[in-house]
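# Coordinate analysis (summary)
The primary structure of each chain is shown beneath.
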Amino acid sequence: LWLSTVLNRAAVTEWLVGLQQHQPMLGKSALDLARSAIVFLARIAAEQHIVDDDTYLSIRSIQPLSAESGQHPGTWLMLEEIAHLIEVLDTPGIWQPIYQMRNRALIRLMLFCGIRAGEVAAARWGDLIRQGSHNMLRIHGKGDKIGYIKLPEEVLEALADWRKQHLAPASGAF
């Protein structure tokens, strides 16, 4: 698979450095988010035996890049990058169907709602609630802060598709 040829420590490091150089307005948090997304993708690829565990561990060990002082975060991902990521997530045959549904739902949640990876990891099925006419997600943020976000229809659909196939939907864990 083409993914295994580009998902390695050297290629990821080169991409991150290139991202920092070609997108000078990106702040540290945007660079950290880009790194986290690639590490998440590498973990999923290792689970699916697309890459070996050593490749995943070497990618995970890449240190976060630092932004120049005084920079402010700009656009986190370009629209083309988001479209490409969604296209890859929707490509059949890369992952087993249950993992593809999970990945589609969680990546859409992060992309469309701006939720941090840790907030997604803390989310439970019971955190999906309805307030008036809005579908909401209760967010367990930093410092035990609780917040609520409105979920776009595309995210709701992806979560619903995944939940139908989830191994233990009654357990409450994403």
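One structure accompanies this document, and this report is about it. In this text, all values refer to a predicted model and were calculated from it rather than measured experimentally.

### Digging into the pattern of salt bridges
- Across all of its chains, the model carries eight salt bridges by this definition.
- The partner of arginine 108 in a salt bridge is glutamate 154, and the shortest N-O contact between them spans 3.0 Å. Linking arginine 108 in helix 6 (residues 97-113) with glutamate 154 in helix 8 (residues 153-165), this pair joins segments that are 46 residues apart in sequence.
- Aspartate 127 is the salt-bridge partner of arginine 138, the closest N and O atoms lying 2.8 Å from each other. Remark: aspartate 127 occurs in the loop between helix 7 (117-122) and strand 1 (128-131) and arginine 138 occurs in strand 2 (residues 134-140); sequence separation between them is eleven residues.
- What emerges from the salt-bridge pattern is a single network uniting Asp90, Arg104, Arg108 and Glu154.

### Structural notes on the packing of aromatic side chains
- Under the criterion given, the structure shown has one aromatic pair.
- Consider the rings of tryptophan 125 and tryptophan 162, whose centres lie 5.1 Å apart with planes at 50°: the pair is tilted. Taken together, the residues tryptophan 125 in the loop between helix 7 and strand 1 and tryptophan 162 in helix 8 connect sequence positions 37 residues apart. Note on accessibility: tryptophan 125 and tryptophan 162 belong to one class, buried.

### A word on the side chain of glutamine 48
- Structurally, glutamine 48 is set in the loop between helix 3 (28-47) and helix 4 (53-60).
- Aside from chain neighbours lying at most four places away, what touches glutamine 48 is Trp95, Gln96 and Tyr99.

### Describing the environment of isoleucine 82
- Mapped onto the secondary structure, isoleucine 82 falls in helix 5 (residues 79-89).
- Sequence separation between isoleucine 82 and leucine 111 is 29 residues, and the spatial gap between their C-alpha atoms is 7.8 Å.
- Once residues lying within four places of it in the same chain are set aside, the contact partners of isoleucine 82 are Leu77 and Leu111.

### Description of the packing of helix 5 against helix 6
- Axis separation between helix 5 and helix 6 bottoms out at 10 Å; the angle between their running directions is 165°. The angle between helix 5 and helix 6 falls in the class roughly antiparallel. Seen along the crossing, helix 5 lies across helix 6 with a hand that is left-handed. Residues Ile82, Leu85, Ile86 and Leu89 of helix 5 form the contact with helix 6, whose own contacting residues are Gln100, Asn103, Arg104, Ile107, Arg108, Leu111 and Phe112.
- Among the residues making up the contact of helix 5 with helix 6, the classes are represented as seven nonpolar, two polar and two charged.

### Quick look at the sheet that holds strand 2
- Taking strand neighbours across the sheet as the criterion, the three strands line up as 1-2-3 in an open arrangement whose pairing is antiparallel. Looking at strand neighbours, the two that pair on one side only are strand 1 and strand 3 (146-150), the edges of this open sheet. The mean angle between the axes of side-by-side strands here comes to 40°, regardless of whether they run parallel or antiparallel.
- Here strand 2 pairs with strand 3 via five bridges, running antiparallel. Within the sheet, the bridge partner assigned to leucine 137 lies in strand 3 and is isoleucine 149.

About the criteria used
- Residues numbered from 1 in each chain as written.
- Predicted model: local features only at pLDDT ≥ 70, side-chain atom pairs only at ≥ 80, totals over all residues.
- Heavy atoms only, no water.
- Salt bridge = Lys/Arg side-chain N within 4 Å of Asp/Glu carboxyl O.
- Helix = DSSP H or I, 4+ residues; strand = E, 2+ residues; numbered from the N terminus.
- Phe/Tyr/Trp six-rings, centres within 6.5 Å; stacked < 30°, edge-to-face > 60°.
- Buried < 20%, exposed > 50% of the residue type's maximum accessible area, 1.4 Å probe, protein only.
- Contact = heavy atoms within 4.5 Å.
- Axes fitted to C-alpha atoms, helices over the stretch in contact; angles between N-to-C directions.
- Parallel < 35°, antiparallel > 145°, perpendicular 65-115°, else oblique.
- Left-handed = near helix turned anticlockwise from the far one by under 90°.
- Nonpolar A, V, L, I, M, F, W, Y, C, P; charged D, E, K, R; others polar.
- Pairing = 2+ DSSP bridges.

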